[in-house]
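Report on the structure
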Amino acid sequence: MEKQKLNKILPLIFLILIISFLVGLIIACREICFQEYLAQEMYDLALFVATNHLNKAVFIGLILSLSLLLILLIWWGILSRILKIRIETNRKIILIRFRYFIIGLAFLVPIAGIIYFIKSNSSSGWQIFLIVILISLLLIILFLKLKDRQARQLYDSLKKSFKFIFKATGWLFLFSFIVSNLYNLYCQYHKVPEGPNVIIIISDALRPDRLGCYGYNKPTSPNIDKFASESLVFEKAWTTASWTKPAMASLFASMYPHEHRAYYWSSVLANKILTIAEIFKNFGYVTLGVQTNPVLAKDYGFGQGFDQYDQMNFARAEEATAQLIKRMKLYKNKRFFSYIHYYDTHSPYNAPEQYDYKFGAKAGQLFRAGDFKTIDVRILSLMGISKEDKDGLVGLYDGAINYVDENFKKIIDMLGELNIMKNTIIVFTSDHGEEFFEHGNYDHGHSLHEEILRIPLIIGYPGHINGQRISSKVQLVDLLPMIIKLSGLKISSPFFRGFDLTEVIKGKREEIYAEGILLGDDKISVLQGNWKLIENSGFVSPDTLEIYGDITKYIIPKYEFGYELYNLEDDPEEKINLLKEKGFEIPQLKKKLEFFRKKVAVLGKEKNKDKAKKLEDLKSLGYIR
């Protein structure tokens, strides 16, 4: 008797597992198609995503199946005997319910179609809606024409067909499930990529002119300087935006901000965008991220492609370094792509106390490390901050650089201890620079002047490239193609806007473009030769700090629509606007800006996080109180 009961329940359990597998497959196909992995030849990544979704779905199916089996065993073994209840199946009742099921579908299907049509933004909405209506009409006709005898015959026929499809589908799904998991296990434990490890080290808001290897006269960066002497140092490197989110999205995807659309504070880096972590994951790398800036959280789409993405908001460099080293030790025998983002060089420069006064900061100064907010400096500067207090801020900044420099050494030393130094590409750079009152303001995100756009870029590959200083222009969008080239990966994308290392060294990049404002009105700039044009749009997005009331007009310079024109050879500090004197340069540079605007990748609707999350982040970062 018990065996008969089990024979009845096992097909149901098998059915649950098949349905779970099918649901996982549908979800996986949807994501793979949405991400366009196959179109971009990311086959291993597509398989990994599919296997991951299938495993989750089958696991849920197993839990449901085991729960059902447990409930039935309890019922058969205990409750049915106590309650004296016996459940019988009635063929006639099943046939009646079968007819009700058909008429129910006839009503539910068009309702679902109407809901989809209302919510759908696609051009195929009308076609899908019409198909759904036709299906519902066929179901209604079937219900009206179906007699009891015909229903019985249809039921028997469907039952036989179902049994065949059930068995065939079950074996097919089982085979697919086993093969996909075995291949993924092979990729994880036996397939070793031929390329080197890669580490990208970001020091937030770091100006190149505060490093010894870029000419600074204070010893803020002895370890970075030593590394630079044996590496490629790009003397003329620019970011793509004046603040972190759009700049880092440009690094991750080799796109300009108006293309990847992670442009404003609430913007999300779309899943459809192929990132550097996804590329390396596709080639069998373990992908590791250690992140300390909240605007680059998983919620904003920056965790794409990472096996481990440790979000450690505002953690000091030593904590972030320890976490990265822990991961590196764990995967020392594999190939890994890793990214670490140091926050210490971002205001309020919260380095440990022993670094506070090494470079000119004093105990009695107005601003102390970790104990002020950006908005405080901006407001107080209107009232007049003494030169000593301004110098003190720079001293804190230099101390934070020195702190990051020592943690940089820890990473380099660990690569040596793990004996993987000569098989690792090491990149040291920043997302943007920092203004210290050069144009009457402080921090970043409010202008496209050189102190905010210029960044350090140093690439080392010990034993493979020699120390060299590169004078050609390079931009943050070039970093992804350069690393791919150095790593020997075979991939290209129509969306990549950057040049590879060979092209950069040959001077193929002629123009430098920048956009992306956090504070105030939108701006866009182009640099060609020595001439730089900044267009002030006069447009203020509601997703900037402008929505926080009148106080913003005191802390953010307000521009009307217009242009600024500078000759960086004669005026590297951008003090003299040559718009009236050299207006003949404007038409050519304006054409460049117009051409730049037309470069837009087709990525669908822009996504944004809610305003409550924005307020929370802005307060934590010190932009508002």
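One structure accompanies this document, and this report is about it. The written sequence of each chain sets the order in which its residues are numbered from 1. Since the coordinates come from a predicted model, pLDDT governs what is reported: local features require at least 70, and pairs of side-chain atoms require 80 or more to be given and counted, while whole-chain, interface and lining totals use all residues. Heavy atoms from the whole structure form the basis of all side-chain values; hydrogens and water molecules are not counted.

Each strand in a sheet pairs with another by means of backbone hydrogen bonds, the pair being arranged parallel or else antiparallel. Pairing between strands requires that DSSP locate at least two bridges from one strand to the other. For helices the rule is a DSSP run of H or I covering at least 4 residues; for strands it is a run of E covering at least 2, with both sets numbered from the N terminus onward. With mixed pairing, eight strands are arranged side by side in an open sheet as 5-4-6-1-7-10-2-11. Strands with a single pairing partner mark the edges of an open sheet, and in this sheet they are strand 5 (308-311) and strand 11 (468-475). In this sheet, neighbouring strand axes are inclined to one another by 15° on average, regardless of whether the strands run parallel or antiparallel. Pairing of strand 1 (residues 197-203) with strand 6 (residues 336-342), which is carried by six bridges, proceeds in the parallel orientation. Of the residues in strand 6, the one forming a bridge with I199 is S338. Contact definition: two residues touch when any of their heavy atoms are within 4.5 Å. Between the N-to-C directions of two axes lies an angle of 0 to 180 degrees, each axis being a line fitted to C-alpha atoms and, for a helix, fitted only over the stretch in contact. On the sheet, helix 7 (residues 244-253) packs against strand 1, strand 6 and strand 7 (424-429) and is oriented at approximately 165° with respect to strand 6. The strands touched by helix 10 (residues 317-330) are strand 1, strand 4 (286-291), strand 5 and strand 6; relative to strand 6, the strand with the most contacts, the crossing angle is about 175°.

Let's shift gears to helix 10. Helix span, expected: 1.5 Å multiplied by one less than the number of residues in the helix. Taking 1.5 Å per residue, 14 residues should reach 20 Å; helix 10 reaches 20 Å between its end C-alpha atoms and fits that length. Here the buried face of helix 10 lies against strand 1, strand 4, strand 5, strand 6 and helix 12 (387-417).

The next thing to look at is the sheet that holds strand 15 (residues 562-567). One open sheet accounts for four strands, arranged 12-13-14-15; its pairing is antiparallel. The open sheet has two free edges, formed respectively by strand 12 (511-515) and strand 15, since each of these has just one partner strand. Strand-to-strand twist across the sheet, computed as the mean angle between neighbouring axes with direction ignored, equals 15°. Pairing of strand 14 (residues 531-536) with strand 15, which is carried by six bridges, proceeds in the antiparallel orientation. In the strand pairing of strand 15, K532 is matched with Y566. Running over the sheet, helix 17 (residues 586-597) touches strand 12, strand 13 (523-528), strand 14 and strand 15 and is turned about 120° from strand 13.

Bringing helix 6 (residues 222-229) into the picture now. Side chains three or four residues apart in an α-helix point the same way, a direct result of the helix having 3.6 residues per turn. Between buried and exposed lies partly exposed: a residue is buried under 20% and exposed over 50% of the maximum accessible area for its type, with that area taken using a 1.4 Å probe on protein chains only. Burial in helix 6 covers these residues: N223, I224, F227 and A228. Seen end-on, helix 6 carries its buried residues on one side only, within an arc spanning 140°. Away from its buried face by more than 90 degrees, helix 6 exposes K226 and S229. Buried residues belonging to helix 6 abut strand 2 (232-238), helix 12, strand 7 and strand 10 (457-460). Regarding the arc, it is the one traced by the directions from the helix axis to the C-beta atoms.

This part covers the packing of helix 6 against helix 12. It is at 7 Å that the axes of helix 6 and helix 12 come closest, and there the two elements cross at 50°. Here helix 6 lies oblique to helix 12, going by the angle between them. The residues of helix 12 that touch helix 6, namely those facing P222, N223, I224 and F227, are N402, D405, E406, F408, K409 and I412. Three residue categories are used. Nonpolar comprises Ala, Val, Leu, Ile, Met, Phe, Trp, Tyr, Cys and Pro, charged comprises Asp, Glu, Lys and Arg, and polar comprises the others, including Gly. Residue composition of the contact of helix 6 with helix 12, by class: five nonpolar, two polar and three charged. Each angle gets one of four labels, with under 35 degrees taken as roughly parallel, over 145 as roughly antiparallel, 65 to 115 as roughly perpendicular, and the rest as oblique.

On to the pairing of strand 6. In summary, the side chains of a regular strand alternate between the two faces of the sheet. Counting buried residues in strand 6 gives seven out of seven residues, a clear majority hidden from the surface. By the alternation rule, side chains of strand 6 split into F336, S338, I340 and Y342 and F337, Y339 and H341, which are all buried. Where strand 4 meets strand 6, five bridges bridge the pair, whose relative direction is parallel. Across the sheet, the residue bridging to V286 is F336, located in strand 6.

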